[in-house]
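Geometric and topological summary
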Amino acid sequence: MVSVAEFPTLRRYIMARTGDTELSILLMAMTLACKATARACNKAGIADLFGLAGHVNASGDDQKKLDVLANDMFIDALVNSGTCAVLVSEENEEPLFVPKEKAGRFIVAFDPLDGSSNIDCNISTGTIFAIYDRKTSADGPATMEDVLRTGHDIKVAGYCMYGAATELVITFQSHGVHRFTLDPSLGEFVHTTAHVKFPEDGGKTIYSCNEGHSKDWDPAMQAIVRKWKQGAKPYSARYVGSMVSDVHRTILYGGVYLYPADKKKPNGKLRIMYEGFPMAMIVEAAGGAASCGIFGGKIQRILDIMPARIHETCPVIMGCKRDVDAVIEEYRLQGLPG
Ligand code: P6P
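One numbering rule holds for all chains: residues counted from 1, following each sequence as written. With pLDDT at 70 or above as the cut-off, local features in this predicted model cover only qualifying residues; side-chain atom pairs require 80 or more to be listed or tallied, and sums for whole chains, interfaces and linings still use all residues. Hydrogens and water are ignored here; the side-chain numbers use all heavy atoms of the structure.

A few words on the overall build of the protein. Counting its secondary structure elements, the protein contains eight helices and 16 strands. A globule of 338 residues ought to have a C-alpha radius of gyration of about 20 Å, and the protein, at 19 Å, matches this closely. If one aligns the C-alpha atoms of the protein with their principal axes, the spans along those axes are about 55 × 50 × 40 Å. Only protein chains enter the accessibility calculation, which uses a 1.4 Å probe; a residue whose area is less than 20% of its type maximum is buried, one above 50% is exposed, and one in between is partly exposed. Across the 338 residues that make up the protein, the buried fraction comes to 55%. Here, Shrake-Rupley sampling with a 1.4 Å probe gives the accessible areas, and only protein chains in the shown set may cover a residue. Surface exposure of the protein reaches about 14,300 Å², of which carbon and sulfur atoms provide 54%. This count recognises Lys and Arg as positive and Asp and Glu as negative, with His and chain-terminal groups excluded. To locate a charge, take NZ of a lysine, CZ of an arginine, CG of an aspartate or CD of a glutamate. Charge centroids of the protein, computed over 36 positive and 40 negative side chains, lie 4 Å from each other. Only DSSP runs of H or I covering at least 4 residues are called helices, and only runs of E covering at least 2 are called strands; the numbering of each starts at the N terminus. As a reference, a globule follows 2.2 Å times the number of residues to the power 0.38, and the radius of gyration itself is taken over C-alpha atoms.

Pasting the structure below:
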């Protein structure tokens, strides 16, 4: 029998992996908020948590009741953990600079409930987060220099998927991607897969995008998706409409997830700091690739971007190298910069 003390929980993994008490406390606060959000999603239909909250967030999205509740729970857990200097949330217009008496070292950018438009029909959603260490001296207050960084500065990236199971996927810089599944009977996330990797050959031929926007894509994106649908064995289309679910499937099964630029959103829809960056770090750590396609007039890797604003967006093309490389090659064939 496995000793309880040896049980492979996320708590044990964090303590063993970080070697940093403050980061461990932050991650335990983060996972507590994930468990509370999973419970709220499970009870949404019973606890009158479906529907709109009646407000619009910084990106112009209609806030759902659960968006607001999840955001409040994450902010409460993170501020009171005593480990955070600044919080950047999809649901808050401005960064939240934690009061000195409760402040710690870390900056956390997060989307508390991504894909929440799927909640009312019980389709999976998720939380996405990226954690940075402070860049400025801890002697003084944190500044925007601590907040606006490239994705290469991320110390820990992760997402929690609220689906048939509640799963948390996390990567520390250069330590691989690890998958944990919540065991509700224990209230613990249990280590289910170590060193998650894309299938060697790129895996299943799946493309994941909202093709309803395709008439507004640039010619290269239209051309590559058309090519994938041709031939004796065309690609399959899979699209949940929750980035966490679509990227989770892409990493585990293979293929590519796309949210390209289009005429209406020339810089794409997905937010760099709390969607693009954390997912790009995880996808690359799992052996995949994460590109914008064209951004700032050139072919650009998502993690290389230096965001100018906390809610800035970028086009997203992420998945197995086989398919991301095919998109980049199409841009080169079309003679676009990069
Ligand atoms: P569309 C959810 O709002 C989200 O940010 C991602 O989770 C998802 O992939 C995308 O937007 C869906 O956008 O335009 O297809 O509805």
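Let us now look at the UniProt feature "domain: Fructose-1-6-bisphosphatase class 1 C-terminal" (unreviewed entry) in the protein. UniProt positions are given in the numbering used here, feature names are shortened, and annotations may be inferred rather than shown by experiment. Annotation from UniProt places "domain: Fructose-1-6-bisphosphatase class 1 C-terminal" (unreviewed entry) at residues 204-329. The span residues 204-329 is 35% helix and 19% strand, and its two end C-alpha atoms sit 20 Å from each other.

Neighbouring the ligand are 14 residues, the closest being D114, Y239, M243, Y257 and Y259. Here a polar contact is taken to be a pair of N or O atoms separated by no more than 3.5 Å, where protein atoms must pair a possible hydrogen donor with a possible acceptor and residues adjacent in sequence count only if both atoms sit in side chains. Side-chain polar atom of E275 to an oxygen atom of the ligand: 3.2 Å apart, as the coordinates give it. With the chains in place, 81% of the 400 Å² that the ligand exposes on its own is no longer accessible. Here a residue is near a molecule or strand as soon as one of its heavy atoms is found within 4 Å of it.

Our next topic: the nonpolar core. Residue types Ala, Val, Leu, Ile, Met, Phe, Trp, Tyr and Cys, when buried and joined through side-chain atoms within 4.5 Å, form a set referred to as a nonpolar core. Ranked by size, the top nonpolar core spans 47 residues in total, and within it M243, I251, M279, I302, V316 and M318 carry the most contacts. Leaving out residues up to four positions away in the same chain, I302 has contacts with G276, F277, A280, A290, S291, C292, C314, P315, V316 and M318. A44, C84, L113 and F189 belong to the second largest nonpolar core, which has 43 residues in total. Two residues qualify as a contact provided that any one of their heavy atoms is within 4.5 Å of a heavy atom in the partner residue.

The sheet built from six strands is open, its strands ordered β12-β11-β13-β16-β14-β15 with mixed pairing. Taken across any chain shown, the strands that pair with only one partner, and hence form the sheet edges, are β12 (236-237) and β15 (298-301). DSSP-based pairing: two strands are paired if at least 2 bridges between them are found. One ladder, built from two bridges, connects strand β11 (residues 206-208) with strand β13 (residues 256-259); its direction is parallel. Bridge pairing in β13 places S208 opposite Y257.

Moving on: the UniProt feature "domain: Fructose-1-6-bisphosphatase class I N-terminal" (unreviewed entry) in the protein. UniProt feature "domain: Fructose-1-6-bisphosphatase class I N-terminal" (unreviewed entry): in the numbering of this structure it lies at residues 18-193. Annotated as 24% helix and 36% strand, the span residues 18-193 places its first and last C-alpha atoms 18 Å apart.

Right, let's get into the sheet that holds strand β9 (residues 177-183). Pairing in this open sheet of eight strands is mixed, and the strands run β4-β3-β5-β6-β7-β8-β9-β10 from one edge to the other. Of all strands in the sheet, those bounded by a partner on one side alone are β4 (96-97) and β10 (188-193). Pairing between strand β7 (residues 154-162) and strand β8 (residues 166-172): seven bridges, direction antiparallel. Paired with Y162 across the two strands is T166, which belongs to β8.

For the pair helix α6 (residues 243-253) and helix α7 (residues 272-285), the least separation of the axes is 11 Å and the interaxial angle reads 15°. Our classification of the angle between α6 and α7 gives roughly parallel. In the packing of α6 onto α7, the handedness of the crossing is right-handed. Facing M243, V244, V247 and I251 of α6, the residues of α7 in contact are E275, M279, I282 and V283. Put simply, Ala, Val, Leu, Ile, Met, Phe, Trp, Tyr, Cys and Pro go in the nonpolar bin, Asp, Glu, Lys and Arg in the charged bin, and everything else, Gly too, in the polar bin. When its residues are assigned to classes, the contact of α6 with α7 shows seven nonpolar, no polar and one charged. Only the contacting stretch of a helix is used when fitting its axis, a line to C-alpha atoms as for every element, and angles between N-to-C directions run 0 to 180 degrees. Any angle from 65 to 115 degrees is called roughly perpendicular, while one under 35 is roughly parallel, one over 145 is roughly antiparallel, and all others are oblique. A crossing counts as left-handed when the near helix is turned anticlockwise from the far one by less than a right angle, and as right-handed when that turn is clockwise.

Moving on, we come to the environment of D76. Within the fold, D76 resides in helix α3 (residues 65-79). Overall, the relative accessible area of 49% leaves D76 in the partly exposed class. Taking the C-alpha atoms as reference points, D76 and A33, separated by 43 residues in sequence, lie 8.6 Å from one another.

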